[in-house]
Amino acid sequence: MSAAQFPERHIFTPIVIVGSGFAGIGTAIRLQQKGFNDFLILEQANNFGGTWRDNTYPGAECDVPSHLYSFSFEPNPHWSKAFAPQKEIQKYLLHCAQKHKLASKTLFNAEVVNASFNETKGEWTVTLADGCTVRCRLLIMGNGGLSKPSYPVIEGQQSFQGKIMHTARWHESFDYAGKKVAVIGTGASAIQLIPELAKTAAQVVVFQRTPAWVMPKWDTHFSAHLQQEFADHPNLRKALRYGIYWGAEAMSMALIWNSPLAKSMQWLGELHLKTIKDNTLRSKLTPDYKVGCKRMLISNDYYPAMQRDNVQLVTNGIKKIDSTGIHSQLGEHYPVDAIVYATGFQVNVAGSPFPITGLDNRQLMTEWTTGSEAYKGININGYPNLCLLMGPNTAAGHTSVLVYLEGQIEYVLNYTKTLFDLSFKYLDIKKSAQDSFNKMIQRRMKYTVWTTGCQSWYLTKEGKNSTLWPGFSWEYRLRTAFFNHDDYERVGAKYQKGVRTKKQKIIT
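Residues numbered from 1 in each chain as written. Predicted model: local features only at pLDDT ≥ 70, side-chain atom pairs only at ≥ 80, totals over all residues. Heavy atoms only, no water.

Chemist: Quick question: what am I supposed to make of the layout of surface pockets here?
Modeler: Empty space among the atoms becomes apparent when a probe as large as a water molecule is rolled across them. When its volume is computed, the second largest pocket comes out at roughly 370 Å³. Leu68, Ser72, Arg241, Tyr242 and Glu406 are the residues nearest the centre of the second largest pocket, which is lined by 19 residues in total. Of all the secondary-structure elements, those providing two or more residues to the lining of the second largest pocket are helix 6 (234-255), helix 11 (401-421) and helix 13 (473-480). For the lining of the second largest pocket, the element with the highest residue contribution is helix 6, accounting for 6 residues. For the lining of the second largest pocket, the class distribution of residues is 10 nonpolar, 4 polar and 5 charged. (1 Å grid on protein atoms, 1.4 Å probe; cavity = no way out; pocket = protein on both sides within 12 Å on 5 of 7 lines; lining within 4 Å. Points joined across faces, edges and corners; volume = space filled by probe spheres on them. Helix = DSSP H or I, 4+ residues; strand = E, 2+ residues; numbered from the N terminus. Nonpolar A, V, L, I, M, F, W, Y, C, P; charged D, E, K, R; others polar.)

The following block contains the structure:
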């Protein structure tokens, strides 16, 4: 459904899900499977998919093995390779949405700009950009941390006369063959894009602020015969998934903790760097921090691309942009036909994605100014009937984010069942439970590699890691497997059972 197809300006539905990427789709599927059919998905774009709908730049693909980067409750035996390209992942998400008939429960082109909680009614009022409001008992935030592109502020960028775009807002009609293209950034999207541009562009000028550790990528194609074997023998597919999972858990010993095992990963990164023959170029691409302190990248194509004659690396910073190109801090001018920002996303390590008002007019935007916190990354004291997916300290540093996400979804299901089946007005996580959980997180964080001195998007300006889980993913799954009623203030019994219905209630 679109906003135009939904003439009612005021809607009531028991459950609202914000976002229709992996988090939103997965939650909707599991709600239905548990009998909670009365919900509405709010999606700011015109289709499902989230980050995999938006990131269509050449070379875009996942850096987590496909058989682990998919729902365990909706397996796909037909991945074409170990690391699936963007189009396959988007196709998979559209398949999930279509199979479970989510389009009829989704309002597209519905950008959320505000949410406020009414303590008397035990309801959230969600306001959309077009002025429409949606009231609900339970608000589930599945909008993700990789939805809003981050644009650098550079003097003169508005004066540039050529094509300018972000990797997350790629212009499909742009033909870069024979053109001079500048790429600003050398992170996860850049190392996938640059090799593709270099194949046909006349010149690619890469502006690097900080080099990343790039590891070899053990990719492989799955033949049609093997895909059919996965389809015919589910246990074979499950064995592969579990093998990938436990392999990643073992690797976490070298990627999370500042331990001697990290030296083995450092050695691998240094060995991969030796494929660069030019000593000067190799020096520029060598990080000065430990492996894992920033996001580790994987690619077999990036270093070869950087050694091509039509690729130039600039490391002395950008001073300004003019109508024809980019000026470096040393005064050098690089004329280009197009500028691509490969500068990542606005990750909410501090602040909320839009104004959220809780009990006693509390403002989440203000309370999270110096760093976000939540109980198990899901619930926030003072903001009842609100559940976050991929909230604070639940991102993965070594494995598939979906491992964490599925644990959160199951926890949210338990929260939902408690709220509705026991007819509570609202559930509010106790401050003592939230504080205890976050003290544990930060106490353990100081032993991780993320606090060894580098500045990354994992950290707030004050150096607090509000992003990653400081441990094994199986531990987090254990923590989210149990829902303790005593951790919550349980208020009222005003509402009766009945959310497990099929049709929404509309108030015009």
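Back to the write-up after that little detour.
Chemist: Explain a nonpolar patch on the surface to me, please; I cannot follow it from the model alone.
Modeler: A grouping of Tyr242, Trp246, Trp474, Leu478 and Phe482 is seen on the molecular surface, where their side chains present a nonpolar patch of about 610 Å² in accessible area. At the level of secondary structure, the elements contributing two or more residues to the nonpolar patch comprise helix 6 and helix 13. With respect to the secondary-structure elements, Phe482 resides in the loop between helix 13 and strand 22 (488-491). Judged by its relative accessible area of 58%, Phe482 falls in the exposed class. (Patch = residues over 30% accessible without salt bridge, like charges linked within 9 Å, V, L, I, M, F, W, Y side chains within 5 Å. Areas by Shrake-Rupley, 256 points an atom, 1.4 Å probe, with all protein chains shown as cover. Salt bridge = Lys/Arg side-chain N within 4 Å of Asp/Glu carboxyl O. Buried < 20%, exposed > 50% of the residue type's maximum accessible area, 1.4 Å probe, protein only.)

Chemist: I'm lost on helix 6 in this one. Help?
Modeler: Two residues of an α-helix separated by three or four positions point the same way, owing to the 3.6 residues in each turn. Over its 22 residues, helix 6 extends 31 Å from the first C-alpha to the last, a length consistent with the 32 Å expected when each residue adds 1.5 Å. Among all positions in helix 6, only Arg237, Arg241, Ile244, Tyr245, Ala248, Glu249, Ser252, Ala254 and Leu255 are buried. The inward-facing, buried residues of helix 6 abut helix 5 (224-232), helix 7 (262-273), helix 11 and helix 13. (Expected span 1.5 Å × (residues − 1). Contact = heavy atoms within 4.5 Å.)

Chemist: Honestly, the side chain of Thr133 in this entry has me stumped. Any pointers?
Modeler: Position of Thr133 among the secondary structure elements: in strand 7 (residues 133-136). Residue Thr133 is classed as buried on the basis of its relative accessible area, which comes to 16%. Here the side chain of Thr133 touches His10 through a polar contact of 2.7 Å, side chain to side chain. Apart from the residues lying within four places of it in its own chain, the contact partners of Thr133 are Arg9, His10, Ile11, Thr125, Val126 and Thr127. (Polar contact = N/O pair within 3.5 Å; in protein donor to acceptor, adjacent residues only side chain to side chain.)

Chemist: Would you take a moment to explain the environment of Gly492 for this structure?
Modeler: By the secondary structure assignment, Gly492 is in the loop between strand 22 and strand 23 (505-506). For the pair Gly492 and Leu285, spaced 207 residues apart in sequence, the C-alpha separation works out to 59 Å. Among all residues touching Gly492, those that are not within four sequence positions of it are Ser423, Phe424 and Lys425.

Chemist: Any chance you could explain the nonpolar core here in plain terms?
Modeler: Note on soluble globular proteins: their nonpolar side chains tend to be buried together. Residues Phe22, Ile25, Ile89, Ile140, Trp170 and Leu285 are the most contacted members of the largest nonpolar core, which totals 114 residues. Top element by residues in this core is helix 11. It accounts for 11 residues. When near neighbours in sequence (up to four residues on either side) are disregarded, Ile25 contacts Ser20, Phe48, Phe71, Leu93, Cys96, Ala97 and Leu102. If you look at the next biggest cluster of nonpolar residues, it comprises 29 residues, including Met141, Trp368, Ala374 and Tyr383. (Core = buried A, V, L, I, M, F, W, Y, C linked by side-chain atoms within 4.5 Å.)

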